[in-house]
Amino acid sequence: MLNLMKYYKENVLTTDYYYKFYDQIIDFSNTIINDNLEVLENDISQFDFFDDDEIIEKFKYLCQPDTDVTSKINTKLFYLISFYLYKNEYYLEEFPNILKRPPDNPSEFTYNEIRSKLLSMGEGFNGVVRYATRRAFVADLTFRRNSYVFLEENIDSLFEKISTRNARFNSMSEDEKLKELGNLIENMLLHDEKFKKLDYSDLTFNYIDDDIAKDFRSRVQCFRHASDEALEERKSFSPEQKEFLIDYGVIIIKSIYTLSKKQKN
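Quick notes on the rules
- All residue numbers refer to positions counted from 1 along the written sequence of the respective chain.
- Predicted model: local features are reported for residues with pLDDT of at least 70 only, side-chain atom pairs are reported and counted for 80 or more only, and whole-chain, interface and lining totals are derived from all residues.
- Side-chain metrics rest on all non-hydrogen atoms present in the structure, leaving aside hydrogens and water.
- Put simply, DSSP marks the helices as runs of H or I at least four residues long and the strands as runs of E at least two long, and each gets a number from the N terminus on.
- Only protein chains enter the accessibility calculation, which uses a 1.4 Å probe. A residue is then buried if its area is under 20% of the maximum for its type, exposed if over 50%, and partly exposed in between.
- Only the protein chains shown count as cover for residues, and the accessible areas themselves come from Shrake-Rupley with a 1.4 Å probe.
- For helices, the fitted line uses only the C-alpha atoms of the stretch in contact; every axis is such a line through C-alpha atoms, and the angle between N-to-C directions lies from 0 to 180 degrees.
- Roughly parallel covers angles under 35 degrees, roughly antiparallel covers those over 145, roughly perpendicular covers 65 to 115, and oblique covers all other angles.
- Left-handed describes a crossing whose near helix is turned anticlockwise from the far helix by less than a right angle; the clockwise case is right-handed.
- What makes two residues a contact is simply this: any of their non-hydrogen atoms within 4.5 Å.
- Any pair of N or O atoms that falls within 3.5 Å is considered a polar contact. Within protein, one atom must be able to donate a hydrogen and the other to accept it, and sequence-neighbouring residues count only if both atoms are side-chain atoms.
- Each C-beta atom gives one direction from the helix axis, and the arc is the one those directions make.
- What a helix is expected to span follows from its residue count: subtract one and scale by 1.5 Å.
- Any Lys or Arg side-chain nitrogen located within 4 Å of an Asp or Glu carboxyl oxygen qualifies as a salt bridge.
- For this analysis, a nonpolar core means a set of buried residues of the types Ala, Val, Leu, Ile, Met, Phe, Trp, Tyr and Cys, connected via side-chain atoms within 4.5 Å.
- Geometry of aromatic contacts follows a simple scheme: Phe, Tyr and Trp rings, the Trp one being its six-membered ring, pair when their centres are within 6.5 Å, and the pair is stacked under 30 degrees between planes, edge-to-face over 60, tilted otherwise.
- Any Lys NZ or Arg CZ found within 6 Å of a ring centre and within 35 degrees of that ring's normal is scored as a charge over the ring.

1. Description of the overall build of the protein
Along the backbone of the protein there are 13 helices and eight strands. Going through the 265 residues of the protein one by one, you find that 43% of them count as buried. Carbon together with sulfur atoms contributes 47% to the accessible area of the protein, which is approximately 15200 Å² in total.

2. Structural notes on the packing of helix H3 (residues 52-63) against helix H4 (residues 72-87)
At a minimum axis distance of 10 Å, the contact between H3 and H4 shows a crossing angle of 135°. With respect to their mutual orientation, H3 and H4 come out oblique. The element H3 and its partner H4 pack so that their crossing is left-handed. On H4, the residues touching Asp52, Ile55, Ile56, Lys58, Phe59 and Leu62 of H3 are Asn74, Leu77, Phe78, Ile81, Ser82, Tyr84 and Leu85.

3. Topic: the packing of helix H9 (residues 174-189) against helix H11 (residues 210-219)
Between H9 and H11, whose axes approach to 9 Å, the crossing angle comes to 140°. One way to sum up the angle between H9 and H11 is to call them oblique. In the crossing of H9 with H11, the sense of the turn from one axis to the other is left-handed. Facing Leu181, Gly182, Ile185, Glu186 and Leu189 of H9, the residues of H11 in contact are Ala213, Phe216 and Arg217.

4. Observations concerning the environment of Asn11
Summarising the element assignment, Asn11 is placed in helix H1 (residues 4-11). A sequence separation of 76 residues divides Asn11 from Lys87, and the C-alpha atoms of the two residues are 8.7 Å apart. Polar side-chain contacts of Asn11 include one of 2.8 Å to the backbone oxygen of Tyr7.

5. What to know about H11
Buried within H11 are the following residues: Asp210, Ala213, Phe216 and Arg217. Along the axis of H11, the buried residues cluster in a sector spanning 135°; they form a single face. Regarding H11, its N-cap is Asp209, as a side-chain oxygen of that residue lies 3.1 Å from the backbone nitrogen of Asp211 further along.

6. Considerations on H4
End to end, H4 covers 23 Å across 16 residues, agreeing with the expected 22 Å (1.5 Å per residue, within 8%). Looking at the residues trailing H4, positive phi occurs at Glu89, about 70°.

7. Considering the pattern of salt bridges
Close approach of charged atoms allows side chains of opposite charge to pair. This structure, assessed with the given rule, holds nine salt bridges. For Asp175, the salt bridge goes to Lys242, with nearest N and O atoms at 2.7 Å. Placement of the pair is Asp175 in helix H9 and Lys242 in helix H13 (residues 239-264), with a sequence separation of 67 residues. For Lys242, a relative accessible area of 13% corresponds to the buried category. The network of salt bridges with shared partners includes Glu186, Arg217 and Arg224.

8. Looking at unusual backbone geometry
Unlike most non-glycine residues, Phe205 shows phi in positive territory, near 55°. Note that Phe205 resides in the loop between helix H10 (201-204) and H11. You can call Phe205 exposed: its relative accessible area is 63%. If you check the backbone angles, Asn206 has positive phi at about 70° while not being a glycine.

9. Examining the nonpolar core
Grouped together as the largest cluster of nonpolar side chains are 39 residues, with contacts concentrated most on Phe59, Leu85, Phe109 and Phe143. If you list the elements that add at least two residues to this core, you get H1, helix H2 (22-26), H3, H4, strand S5 (90-92), helix H5 (107-120) and helix H6 (131-139). If one sorts the elements of this core by residue count, H4 sits on top with nine residues. Other than its neighbours up to four places away in sequence, Leu85 contacts Ile55, Ile56, Tyr90, Leu99 and Phe143. Core analysis: the second largest hydrophobic core is formed by 24 residues, Leu181, Ala230, Val250 and Ile252 among them.

10. So, the packing of aromatic side chains
Taken as a whole, this structure holds 21 aromatic pairs when the rule is applied. Between Phe244 and Tyr248, the ring centres sit 5.6 Å apart and the planes meet at 20°, which makes this aromatic pair stacked. With a gap of four residues between them, Phe244 and Tyr248 both fall in helix H13, about one helical turn apart. Positioned above the aromatic ring of Phe95 is the side chain of Lys117, whose terminal nitrogen or guanidinium carbon lies 5.9 Å from the ring centre.

Spelled out as structure tokens, the structure:
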């Protein structure tokens, strides 16, 4: 279960475009008003979602013409969902920039932009777009994901994202960072189901060797899977241990990258 309020608080940076909505999102975070206008104190369960599919369906619901996206809770959900999808490399095929820079008023998108899009497609009549047309269009909105492809020719760019603390890497949660570090180590070292051996001694003064690199990958394996067993194993790591593993993983990757480049030359 993912709580989008918690995700936003843990991942938004002051340099992010989405930080402009911080006061608007956090201000009402501990008070939820239900459909009967009843106030439910200290309940943020409306920000809980099972998976990405459920999050995307909620976004589509917020874009439907029957939904009042201007209500406080729906406005908050619109920004929280957009933030999560953007940070996780999603984009909307019909509106490629909406997740990157949503408007100050969500209805500018859910009403004006969608309506204008349909008119440009010839779906209106005399400047009017029927609700049924908008409902069908929103239901069919297409979400795509820019995911890492762990292929040999992409190692340089992936390495740069991690070694330079690229904003994409910085914006990840600790669990995501550990997952990506484990993925990249496997991609750099595993060939034909065997780990290639490198001579770490001169570069790392024997602080890193083949066994240490393989052990690190094994240790973070639970962050690469979503089984019940893996999720339970993740809970055994303290925040301090995760921080250490992230820093140590970056050092291991830098070492592997440097030695692999030398080996090719």
